[in-house]
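# Descriptive structure summary
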Amino acid sequence: MSRHRLLALLLVLLCAFSGATGTTAGAASATTAPRSAFVPLQLGDTGWRVRELQSRLHQLDLHSEVVTSRFDRETQAGVATFQRRRGWTADGVVDQRTWRKITGLTTEPTTEALHNVYTPGRPLLQHGDRGMWVRQVQARLKQVRWYDGRVTGRFTGATVTAVEGFQARRRIPVTGQVDRRTLSRLKEMTRQPTKAELFNIVPAGPALDPRCTTGRAMCVDKTSRSLRWVVDGVVLRTVEVRFGSDELPTREGAFAVFRKSRDHVSSLYDTPMPFAMFFSGGQAVHYSPDFAANGYAGASHGCVNARDRAAVEWLFDQVRIGDAVIVYRS
């Protein structure tokens, strides 16, 4: 073989080898590496992704403004509510579909939001103001035990001090002025004040059982057919209730809440018992749709039925395991 033919053959082989290598490299580059699998977020998780999730949930009014990096019960409840509103499985776990929907409906959290850095908002109420709005704020501050004076409708120094304490506890800029953030947080934690609360009217009614005057107690009076939620001798809420029949009476005595079940259904009677707070065997305080519809024409199977759903839901959120339940006749 001549020298020229040998050189030509080597060039052909070199080109063939380069083409094959290029094809292989092209194939490799065309085949992108698979994306890393989405890691769900769930109860107990911690980290920066949780902070972002909480901040985005706050934009949707499903989480408080304070982010913590801990996937806690509040976060789980916010996620579950978000899922429930869309007809999805409301397990409170952030899978890829849930995450994509949340991020699609929210904006990128700011650095300030992610680090709980807030600036004071424009004051809505401040020292020297007067009127019904001030009464509302004072009455709500009394509900959360930050204000213990009379509700006067005058934004005095005592009101400033109460607002400052409330703000400091919730990482809101401490100004003593009521801005939008302060008012919204206060409303979230309280209910609409009653006329008695707004104008310092002491409600009349039968005397409390002495066992209800200390600590935290649901004071259930069969005579007045009322349940009063009492903390340290102060009646914070009164609810109309009914009781069991003569065949299945509501037991009287001193008990304690040993179990709570928000969406309970009776296994014995197959009837709903929303916001059930059990205090004696299968007897519980709970909302009763039948009581709401038919009043005192019916009776429970021994439970304490409440007819005001909003009131018993509020009560359910206040009551803790171990709180006293006193059932008596005045």
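Worth saying up front: this structure is predicted, and the values here are computed from it rather than measured. Residues take numbers from 1 onward in each chain, read along the sequence in its written order. Side-chain atom pairs in this predicted model are given and counted only at pLDDT of 80 or more, local residue features only at pLDDT of at least 70, and totals for whole chains, interfaces and linings cover all residues. Side-chain measures were taken over the full set of non-hydrogen atoms in the model, leaving aside hydrogen atoms and water.

## Considerations on the sheet that holds strand E1 (residues 216-221)
Note the threshold: The rule for pairing is simple: two strands pair if DSSP sees at least two bridges between them. By definition, any uninterrupted DSSP run of H or I lasting at least four residues is a helix, any uninterrupted run of E lasting at least two residues is a strand, and each is numbered from the N terminus. Axis geometry follows a simple rule: fit a line to the C-alpha atoms, using only the stretch in contact for helices, then measure angles between N-to-C directions, giving values from 0 to 180 degrees. We call two residues contacting when some pair of their heavy atoms lies within 4.5 Å.
Overall, mixed pairing links the nine strands, which are arranged E4-E9-E1-E2-E3-E8-E7-E6-E5 in an open sheet. Edge strands, defined here as strands with exactly one partner in the open sheet, are strand E4 (253-256) and strand E5 (259-265). The average angle at which neighbouring strand axes cross in this sheet is 30°, direction not considered. Alignment of E1 against strand E2 (residues 226-231), held across six bridges, turns out to be antiparallel. Bridging across to E2, Ala-217 finds its partner in Val-230. On top of the sheet, helix H11 (residues 309-318) reaches E1, E2, strand E3 (234-242), E5, strand E6 (272-280), strand E7 (283-287) and strand E8 (304-306); it is set at about 45° to E6, its chief contact.

## Side note on the pairing of E2
The following threshold applies: Here the term buried applies to any residue with accessible area under 20% of the maximum for its type, exposed to any over 50%, and partly exposed to those in between, with areas from a 1.4 Å probe on protein chains only.
Burial of E2 is extensive: six of the six residues sit out of reach of the surface. Alternating positions in E2 separate into two faces, Ser-226, Arg-228 and Val-230 on one and Leu-227, Trp-229 and Val-231 on the other, with burial throughout. With antiparallel pairing between neighbouring strands as the criterion, E1 and E2 make up a hairpin whose turn holds four residues, including Arg-225 at a positive phi of roughly 50°. Here six bridges tie E2 to E3, and the two strands are oriented antiparallel to one another. Bridge pairing in E3 places Leu-227 opposite Val-239. Here E2 folds back onto E3, and the loop between the two strands holds two residues, one of which, Asp-232, carries a positive phi near 55°.

## Section: the environment of His-63
Heads up, the condition is: Two N or O atoms count as a polar contact when they lie within 3.5 Å, although within protein this holds only if one can serve as hydrogen donor and the other as acceptor, and sequence-adjacent residues are included solely when both atoms are side-chain atoms.
Tracing the backbone shows His-63 in the loop between helix H2 (48-59) and helix H3 (73-84). According to the relative accessible area criterion, His-63 is buried, its value standing at 7%. Along the primary structure His-63 and Glu-74 are separated by 11 residues, whereas in three dimensions their C-alpha atoms are 6.8 Å apart. Excluding anything up to four places from it in sequence, His-63 contacts Gln-54, Leu-57, His-58, Asp-72, Glu-74 and Thr-75. Polar side-chain contacts of His-63 include one of 3.5 Å to the side chain of Thr-75.

## A word on the nonpolar core
Note the cut-off: Grouping buried Ala, Val, Leu, Ile, Met, Phe, Trp, Tyr and Cys residues that are joined through side-chain atoms within 4.5 Å yields what is termed a nonpolar core.
Counting residues in hydrophobic clusters, the biggest one holds 25 residues, and the most contacted among them are Met-218, Leu-227, Met-277, Val-304, Leu-315 and Val-325. Residue assignment for this core shows that the elements contributing at least two residues are E1, E2, E3, E6, E7, E8, H11 and strand E9 (324-328). With five residues, the top contributor of residues to this core is H11. Excluding residues within four positions of it along the chain, Met-277 makes contact with Met-218, Val-257, Arg-259, Lys-260, Gln-283, Ala-284, Val-285, Val-312, Leu-315, Phe-316 and Val-319. Val-134, Leu-141, Phe-155 and Val-160 belong to the second-largest nonpolar core, a separate cluster that totals 14 residues.

## Describing the confidence of the model for the protein
Where we set the bar: Each residue carries a pLDDT score, the predictor's confidence in it, ranging from 0 to 100.
Averaged over the protein, the pLDDT score is 87; the fraction of residues at 70 or greater is 88%. Here residues 17-33 is a poorly scored stretch, pLDDT under 50, and it has zero contacts once near neighbours within four places are set aside; other chains count.

## Let's talk about unusual backbone geometry
Of note, the phi angle at Ser-69 is positive, near 75°, even though the residue is not glycine. Tracing the chain through its elements places Ser-69 in the loop between H2 and H3. Of note, the phi angle at Phe-275 is positive, near 60°, even though the residue is not glycine. Position of Phe-275 among the secondary structure elements: in strand E6. You can call Phe-275 buried: its relative accessible area is 3%.

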